[in-house]
Amino acid sequence: MADDQHEEVSKKVSAEEEIRRGITVMRRVVQGRSRGIILDVYWNNQGQLIEPNGHTLTSFIGALVRNEIPITCDDWRNKELNESKEKIWSEIKRCFNIEEERRGFCMKLAGKLLRGFQTFLSSKFLKDADGNFVDAELPKKYESLISAEEWEAFKSKRQDPVFQRISATNRERASSPAYPYRKGRVGYGRLEQSMLQKEESSETSLPAHVLWKEARVGKSGVPQEEVLHVYQKCEELSQSLSPDDTKGILSRALDVPEYYGRVRGKGFGVTPTSLSIKKGKAPSNRELHARLEAMQAELDALRREREASASTVYRDASDKDSINCTFQPNIPEGISHCQLYFSSPYYRMVGKGKVHNVSGVLLHTRELPAGCLKVSVDIAVEPNAALPYPSDDSDATTVHEAVGSFVAWPTNLICVGYELQENEVSNASAQQKKEVSNASARVKSSGAKKTVARKKPTTKYRSCLRTFLEMTDIPTGGVRTVHMEVGIFGFDYDQMIGNEDFMQVFSHEEIGVTVVNTYIRFLYDKLMRPNGLDVSFGFLAPATVNLGLILSRPDTVTEYVLRILMDNKDAEKLFFIPFNTGGHWLLLAINPIREIVYYLDSLGNDWTTYRDMKVLIDTVLQAFRAQRDIQTSRRGANSITWIKVACPQQRNQIDCGYFMLRFMRDTLALGRLKIPTDYFEEFKCAFYTKDQVDEIKEEWCQFMIELNVCS
């Protein structure tokens, strides 16, 4: 009986203690002030509150907020609260030694603590275990802080349908976080302080991803595998990103949307400003238009200057000092096989022949125009194309009429090609015979088993296409066409294809733009259109968007890309740009609506390697935003996001083109507009195998056979 009475008394005492603990009034701070004790507070170099007395100040502000601000407050920025805020700040300064410039931090912290108190009251007293609303009476332990009228108004607001909808959305967003914070009430600032003290480090701060990882370590002391994976990705990114990069490596590793002013892994109180990350004022649409007009005027002036230089009249060869003796650095000395291109209205091959890069060479007794070389035209791929410099000594005005004669051709539109020599053909044939012989030997050595399953040879369609090819005039210079309809690149044309293009695939050489374009036609016909993916994905022509044209004709590239984007401005779409840097293929995948650029490079280079490429793409996306008349905030103007994807890496100097084609194929096979930073889980690998590369070749050859290209 006595034990029962003692137990009842103990329960009452415990309940009373719990009630007293429920309301923090910080009497110790107030009493200390009466005795003249003013507490010092300390801040780290990023503006966060730390120990000693950091926790005390936070609790004191919470007590002041609960006493001075009604729980019905919906907007902390309401001017009617200014008087109460002033009183809170005055009380803080009376008890703590704090600078005036810290007022902003304290007021933000006060607003955060008020919202926390409101959430606590709602969850603790207005909801049951299942989350349903309960019409509860005012808790007795808060009667000194909250009036009955205030409590009823608070309950009414919490039952409002608009509030319930917003609350449900926020609750859903905050539920089941992928990487939960495991340090309780210890903020990032105090966590960083304790880590530095424990390590006895002389540093004043730690990298954000180091803090982020430590904040997700529980009582076991062992971080989860997912957390370690993100941390490792941050370590890798830290080796490649510039220290001045305004988007932190942690944000890039997590690959999630950001909020204005947020700095991941640093916690409350840290802003880009406190980290000295300067962001310029966002240009207005009017400023962007003015900038584009200025750029266009500058480009027009450069074009007129170039055309004036190119139109220099031929001078008489009797003036020996005027003879052109300058060799072109990008074209080998002597006579070489070449392809002849035009760049307007789009970049394409119009003929084939030989370029004569010889000292003192003349064209019909006259000096060559500036920036040109002497070329003999052997094949007219586009017969009616007008010559860039018609000869005064002949009536030839088109490529077809110039066959068998010499003309002047701009150097930047000459592409030197190397034909496969006879000994290389014989070597390839011998290698094929050797492989067939080895395969036969393996079959024989397998014994007399009749049920052995034989694997189909991976060169099936290549062998067939090669056989068809040998029965045509293509090996001796003939050409065929593959029609590229307007839905692929935004313009309609016939893609010329010749023997050297087929040999690139047969002999595993570096592929050119013709193979890339025709494989894109395969993707368009076989993957995109049948599955309705043409409304979600698109292509930009690699012959029009490449590093060479960006450097020589940026206006042409900008105009083309912007036109394609504006034609598709009403729906979210991912555009593939097979990008050639002059000797290497990589892939850009652009989502213009979300202003995201995925960068996939099988050599592992960063986009900073090709600065001109990035500047042009960024400029186009800003112009796209301006022409859509999208009003952006200060942070939105610089929100173009470049994401380097950890795609499979090539192990030689040839496979970049095949890898780039497979990147597009993988993305279309899954039909996803978002490419994960660590590549698609379904296709993730360190590198594509020979069989995976051969699969691209087989698809291309099968498609060429279906198109009856060799007829």
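In the nomenclature of an unreviewed UniProt entry, the chain corresponds to Ubiquitin-like protease family profile domain-containing protein from the organism Pisum sativum.

Student: Account for the overall build of the chain, naming residues and giving values.
Tutor: The number of helices and strands found in the chain is 22 helices and 16 strands. Within the chain, buried positions represent 43% of all 711 residues. Put simply, the chain shows about 39,200 Å² of open surface, and 50% of that area lies on carbon and sulfur atoms.

Student: Would you mind going over the pairing of strand 5 (residues 334–342) in detail, with residue names and values included?
Tutor: Counting buried positions over the nine residues of strand 5 gives seven, a clear majority of the element. With nine bridges connecting them, strand 5 and strand 6 (residues 348–357) associate as antiparallel partners. Within strand 6, the position partnered with Ser336 by the bridge is Val355.

Student: Account for the sheet that holds strand 7 (residues 372–380), naming residues and giving values.
Tutor: Ordered in space as 8-7-6-5-9, the five strands form an open sheet in which the pairing is antiparallel. A strand with exactly one partner marks an edge of an open sheet, and here the two such strands are strand 8 (406–410) and strand 9 (414–416). Sheet twist, expressed as the mean angle between neighbouring strand axes with direction ignored, is 45°. Summarising the sheet, strand 5 and strand 9 pair through three bridges and their orientation is antiparallel. Each bridged residue has a counterpart across the sheet, and for Gln339 the counterpart in strand 9 is Cys415.

Student: Now, about the side chain of Gln193: what can you tell me, with residues and values included?
Tutor: You can see Gln193 is positioned in helix 8 (residues 188–199). When neighbours within four sequence positions are excluded, Gln193 is seen to be in contact with Ile50 and Glu51.

Student: Tell me about the nonpolar core, residues and numbers included.
Tutor: Among the nonpolar cores identified, the biggest contains 89 residues, and Phe489, Phe502, Phe539, Leu588, Met613 and Trp700 are the most heavily contacted of them. Contact partners of Phe502, with chain neighbours within four places excluded, come to Leu465, Leu469, Ile474, Ile497, Trp700, Met704 and Val709.

Student: Just give me the short version of helix 14 (residues 460–470), but keep the residues and values in it.
Tutor: Arg462, Leu465, Arg466 and Leu469 are the residues of helix 14 that are buried. Projected onto a plane normal to the axis of helix 14, the buried residues spread over an arc of 100° and lie on a single side.

Student: Residue-level account of the sheet that holds strand 15 (residues 596–600), with values.
Tutor: By way of backbone hydrogen bonds, the strands of a sheet pair with one another, either parallel or antiparallel. Taken together, the five strands give an open sheet; going across it, the order is 12-13-14-15-16, and neighbouring strands pair in mixed fashion. Edge positions in the sheet fall to strand 12 (537–539) and strand 16 (641–644), since each of these pairs with one other strand and no more. When the angles between neighbouring strand axes are averaged without regard to direction, this sheet yields 25°. Sheet analysis places strand 13 (residues 574–580) next to strand 14 (residues 585–591), joined by six bridges and oriented antiparallel. In the sheet register, Phe575 faces strand 14, and the bridge partner there is Ile590.

Conventions used here
Residues numbered from 1 in each chain as written. Predicted model: local features only at pLDDT ≥ 70, side-chain atom pairs only at ≥ 80, totals over all residues. Heavy atoms only, no water. Helix = DSSP H or I, 4+ residues; strand = E, 2+ residues; numbered from the N terminus. Buried < 20%, exposed > 50% of the residue type's maximum accessible area, 1.4 Å probe, protein only. Areas by Shrake-Rupley, 256 points an atom, 1.4 Å probe, with all protein chains shown as cover. Pairing = 2+ DSSP bridges. Axes fitted to C-alpha atoms, helices over the stretch in contact; angles between N-to-C directions. Contact = heavy atoms within 4.5 Å. Core = buried A, V, L, I, M, F, W, Y, C linked by side-chain atoms within 4.5 Å. Arc of directions from axis to C-beta.

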